[in-house]
Structures are given as C-alpha cells and as structure tokens.
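# Overview (structure and organization)
Listed here are the chains, written in short residue letters.
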Amino acid sequence: MNTRLTQVWLQGPLIVGAGPSGLAVAACLSQRGIPFLILEKENSIASLWRLRSYDSLRLHLPKKLCQLPNMPFPKHYPVYPSKQQFISYLDSYAKHFSIYPMFGCDVKNANYDAVMSLWRVVANRSEYLCRWLIVATGDNAVPAVPEIDGLKVFGGKMMHSSDYKNGAEFRGRKVLVVGCGNSGTEISLNLCCNGARVSLVVRHKLHILPRDILGRSSFGIALGLLKLFPLRLVDWFLILSSQLLLGDTSRVGIVRPQDGPIKLKNTTGKTPVLDMGLLSKIKSGQIKVVGEVQRFTSNGVEFMDGKVEEFDSVILATGYTSNVASWLKEENLSRQGQGDYSNSSWLSNMKSKNGIYSIGFTGQGLFGASIDAERAAEDIARQWNSQRKHPSSKINSSLYVA
C-alpha cells in the first residue's frame with residue numbers, strides 16, 4: 001500500500017488535531033521558529049466546539065485561566081465567554097500565529113520506524129515522515145454511547161449530547177437526560193428554560209459546587225489556596241462553601257462522595273459539577289432527579305428501583321472517548337495503563353519516548369493544555385537547536401520535503 005502513497009518528509013513536528021490543544025502547541029512552536037504541520041480530519045478548527053456543542057455553552061472557568069499561550073482574550077469579553085466568543089477567539093488566534101491546518105485529513109495509522117528513527121503517519125493518500133509526533137486530539141474525540149438494554153427499542157427521539165443544540169424543539173415534551181456531568185446538567189437546565197419537562201439521571205454520588213464564591217471563580221480560588229494549604233483543607237473549604245451557598249444537596253437526591261472534589265478529580269478524573277442554576281430548578285420541582293436506568297422500553301424507561309415512566313425524548317449526555325487507539329500503532333505505548341488509550345498513563349504525560357508528545361490529556365482543560373503546549377514546544381526547540389533534524393543518509397531523496 002505504501003507504494004501508492006505520496007511520501008512527505010517534515011522538517012518539524014506533525015500535529016494531529018486542530019482544536020485548542022493543537023493550536024496552542026502550534027503557536028508555541030511558531031514563536032520559536034520551528035516549522036510544523038497540523039492534520040485535522042474535519043473542515044474547520046475547533047470542530048468539537050463549532051459542530052458538537054450546545055448553543056448555550058460557556059467556558060466553565062474564567063477567561064484568564066482558559067486563554068491559550070501568548071494571546072489573551074479581548075478585554076471586552078465577559079469573565080465566562082460564550083461558545084461563539086470562544087470560537088471567534090480561536091479563529092483570531094490561528095490567524096494571528098499564521099496557523100493553517102490541512103483539513104479533511106483523517107489519520108489512519110501512525111507507526112514508529114526504529115530503523116529511520118522517524119514516525120510514519122498515514123492520512124488520506126499521503127504518508128508523512130517526521131521526527132516528532134504531537135497528539136492533540138484530546139479526550140473528547142468520539143461520542144460515548146452506553147450499553148443499556150433496549151436502547152434501540154425506544155421509539156421516541158434519542159440523541160447524544162453532541163447533536164444537541166438548544167431546547168426549542170423540545171418545548172412541552174417529556175425529556176430524560178442520561179448523564180449528570182457539566183454537559184448533562186447544563187442541557188437539563190437549558191431544556192427546562194425552554195419549556196421541556198426534564199428528568200435527570202443521577203447514578204452516582206456527585207459534587208456540585210457554586211461556580212463563584214464571593215464573586216470569584218471557585219476553581220480560581222482553589223488554585224490559589226493549593227499553593228498555601230494541603231489539598232484536604234482546600235477540599236474542606238470547597239465543601240463548606242457549597243453547603244453554605246447551595247444547601248444540603250442530598251435533600252434533592254444528590255449525595256456528595258466521601259472524598260473531596262479536588263481529590264476525586266485527581267484520583268478518578270471525575271470533574272465536579274458547577275451549579276449554573278440547576279439546583280434551584282430541582283428544588284422547585286421543575287427538574288426531577290431520577291435513579292439509574294435498567295432498560296429502555298418502546299415508549300419510556302424502567303429504572304433500577306422498578307419504577308416505569310414514559311418519555312418523549314432521551315438525550316445521552318454520556319461524554320466522549322479518545323480515538324487515539326484507532327490510529328496510533330505503537331505497541332509499547334498501547335500496553336501501558338490497561339491497553340486503552342483513554343486510560344493510558346502516557347497520555348497524561350506531556351512527553352513519552354521516540355519523540356511523541358500529548359497535549360490536552362491531563363484532565364485540566366484549557367489551562368492544562370496550555371501548560372503542556374509550552375513545555376512540549378520548549379523541549380522540541382532544545383532538540384531542534386542542538387542537532388540536525390534527521391541524518392540525510394536515512395531519508396530517501398525522492399521524498400517531498402515540507
């Protein structure tokens with residue numbers, strides 16, 4: 001098959017993914033004078049934000065904690081920019097740093113050639129050879145659909161949250177939202193505000209925190225406190241503040257885990273939910289909290305507690321998974337963790353062996369991706385400046401050089 005591929009030798013890194021993580025590392029490389037190429041399977045940058053997010057979405061953290069390296073948000077933006085404002089910021093970011101991804105390039109295979117000390121990356125009808133490979137596809141590449149009995153039997157409207165835009169079409173309908181992360185809770189709130197009758201599935205214990213404490217971001221306060229106090233004290237402060245501002249959530253069917261929100265995030269990756277008005281709707285009875293689904297029926301749901309209820313629509317706010325395992329064929333890496341790239345330990349580290357880097361897999365959102373991008377670019381720059389890219393004897397002279 002390789003004989004039918006156009007081979008391209010890249011002088012600098014190949015970046016897979018043109019979301020915020022890919023743009024951030026590209027800008028950092030550009031600032032250091034290092035050429036790069038970005039491959040993006042969709043036809044635009046930030047496709048997850050642009051194509052698969054709901055209209056009412058806003059950044060969950062203040063803009064100062066979400067800006068990409070070397071370019072702040074416009075001063076007139078609110079503290080929590082909207083989806084469209086963030087997309088506009090990313091468009092301006094790409095233009096400012098002259099970042100022009102190759103769109104419509106779906107990476108099918110990436111192997112490390114130990115003989116040539118290069119990565120071989122196949123996308124469309126080309127094979128790219130590069131010394132450095134940067135994985136910037138993020139954890140949210142593929143919608144995750146749970147295996148629930150009768151899922152295909154349900155006769156009403158069913159969609160994943162990646163296809164949800166706004167609640168206008170659900171006005172007056174009885175809707176079940178499966179998934180109580182930030183997306184599930186915000187979609188439930190948006191549905192309620194648009195006149196839908198909403199039930200929210202809460203399967204496990206859950207931390208709900210106020211988005212702001214005394215006018216400041218809860219997350220921002222926590223970051224500052226962690227520099228001064230042990231994690232357990234910061235968790236105690238967050239829980240105490242939540243109880244004072246939000247009340248006892250167990251009274252509405254949402255029980256807090258024993259571990260604090262930051263400890264739980266660090267150990268399991270489970271992000272606490274930021275309250276954007278959900279609790280008030282639950283307390284008023286406008287949003288109903290229900291338990292785990294046992295199976296779907298043709299016109300509704302049977303819950304684990306035996307209750308049966310009819311629904312017009314179901315929205316699966318069940319998150320996403322990484323697609324890295326489908327194309328990165330590096331045996332030593334795939335055997336780390338449990339062989340699943342969505343859980344592999346190497347992805348949460350900025351750098352692994354053979355010149356491979358991962359950006360945006362630390363579970364720290366845009367804040368963590370920006371840190372990773374700076375570190376990766378600096379590390380590549382040290383190598384770039386200290387020695388030649390590749391020994392010429394290992395490069396076929398017929399290759400196209402980009």
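As summarised here, the arrangement of the five strands in space is β4-β3-β2-β8-β23, forming an open sheet in which the pairing is parallel. Of all strands in the sheet, those bounded by a partner on one side alone are β4 (102-103) and β23 (356-358). As paired strands, strand β3 (residues 37-40) and β4 are joined by two bridges and run parallel to one another. Note on β4: the bridge partner recorded for Leu39 is Met102. Contacting β2 (14-16), β3 and β8 (133-135), helix α1 (residues 20-31) crosses the sheet at an angle of about 160° to β2. In this fold helix α10 (residues 365-386) packs onto β8 and β23, with an angle of close to 165° to the strand it touches most, β23.

Okay, the confidence of the model for the chain next. This prediction gives the chain a mean pLDDT of 89; 90% of its residues lie at or above 70. This stretch, residues 332-344, has a pLDDT under 50; its non-local contacts, to residues over four places away or in other chains, come to 22 contacts. Below a pLDDT of 50 lies the segment residues 392-401, which in the model reaches 15 contacts outside its immediate sequence neighbourhood of four places, other chains included.

Looking now at the pattern of salt bridges. Enumeration according to the criterion identifies 18 salt bridges in this entry. Measuring nitrogen to oxygen at the nearest pair gives 2.8 Å for the salt bridge that ties Arg50 to Asp91. Of the two residues, Arg50 is situated in helix α2 (residues 47-51) and Asp91 in helix α3 (residues 83-96); the sequence distance between them amounts to 41 residues. Put simply, Arg120 and Glu127 hold a salt bridge, and the shortest N to O gap is 3.1 Å. Members of the salt-bridge network, linked through shared partners, are Arg32, Glu374 and Glu378.

So, about the packing of helix α6 (residues 231-246) against helix α7 (residues 261-268). At a closest axis distance of 7 Å, the pairing of α6 and α7 adopts a crossing angle of 120°. It follows that α6 is oblique to α7 by the angle criterion. Across from Leu231, Val234, Asp235, Leu238 and Ile239 in α6, the residues of α7 making contact are Pro261, Ile262, Lys263 and Asn266. Split into classes, the residues belonging to the contact of α6 with α7 amount to six nonpolar, one polar and two charged.

Attention now moves to the sheet that holds strand β20 (residues 308-310). Taking strand neighbours across the sheet as the criterion, the three strands line up as β18-β19-β20 in an open arrangement whose pairing is antiparallel. The sheet terminates laterally at β18 (293-296) and β20, the two strands that pair on one side only. Across the sheet, the axes of successive neighbouring strands diverge by a mean angle of 25°, strand direction being ignored. Where β18 meets strand β19 (residues 300-303), three bridges bridge the pair, whose relative direction is antiparallel. Of the residues in β19, the one forming a bridge with Arg295 is Glu302.

Within the secondary structure, Ser47 is located in helix α2. Since its relative accessible area comes to 12%, Ser47 is described here as buried. Remark: the alpha-carbon pair of Ser47 and Ile87, spanning 40 residues in sequence, is separated by 9.5 Å. Other than its neighbours up to four places away in sequence, Ser47 contacts Glu40, Glu42 and Arg52.

To continue, consider the nonpolar core. If you look at the biggest cluster of nonpolar residues, it comprises 69 residues, and the most contacted ones within it are Tyr89 and Leu191. Counting only elements with at least two residues in this core, the list comes to α1, α3, β11 (174-178), α4 (182-193), β12 (197-201), α8 (278-283) and α10. Beyond its immediate sequence surroundings of up to four residues, Leu191 is in contact with Tyr164, Gly167, Phe170, Val175, Val177, Ala196, Val198 and Ile315. Grouped together as the second largest cluster of nonpolar side chains are 21 residues, Leu10, Leu37, Val107 and Trp119 included.

Parameters and conventions
Note that residues are indexed from 1 along each chain, following the sequence as it is written. Note on the predicted model: pLDDT of at least 70 is required for a residue's local features to be given, and 80 or more for side-chain atom pairs to be given and counted; whole-chain, interface and lining totals, by contrast, use all residues. Note that the side-chain values use all heavy atoms of the structure and ignore hydrogens as well as water. For two strands to pair, DSSP has to find at least two bridges joining them. The helix and strand labels rest on DSSP assignments: H or I over at least four residues marks a helix, E over at least two residues marks a strand, and numbering proceeds from the N terminus. A contact between two residues is defined here by any heavy atoms of the two lying within 4.5 Å. Convention adopted: a line fitted to C-alpha atoms gives each axis, helices being fitted over their contacting stretch, and angles between N-to-C directions are expressed from 0 to 180 degrees. Confidence of the prediction at every residue is given by pLDDT, a number between 0 and 100. We define a salt bridge as a side-chain nitrogen of Lys or Arg found within 4 Å of a carboxyl oxygen belonging to Asp or Glu. Working rule for angles: under 35 degrees goes down as roughly parallel, over 145 as roughly antiparallel, 65 to 115 as roughly perpendicular, anything else as oblique. Note on residue categories: nonpolar means Ala, Val, Leu, Ile, Met, Phe, Trp, Tyr, Cys or Pro, charged means Asp, Glu, Lys or Arg, and polar means any other residue, Gly included. In this scheme, a residue with accessible area under 20% of its type's maximum is buried, one over 50% is exposed, and one in between is partly exposed, where area comes from a 1.4 Å probe on protein chains only. Grouping buried Ala, Val, Leu, Ile, Met, Phe, Trp, Tyr and Cys residues that are joined through side-chain atoms within 4.5 Å yields what is termed a nonpolar core.

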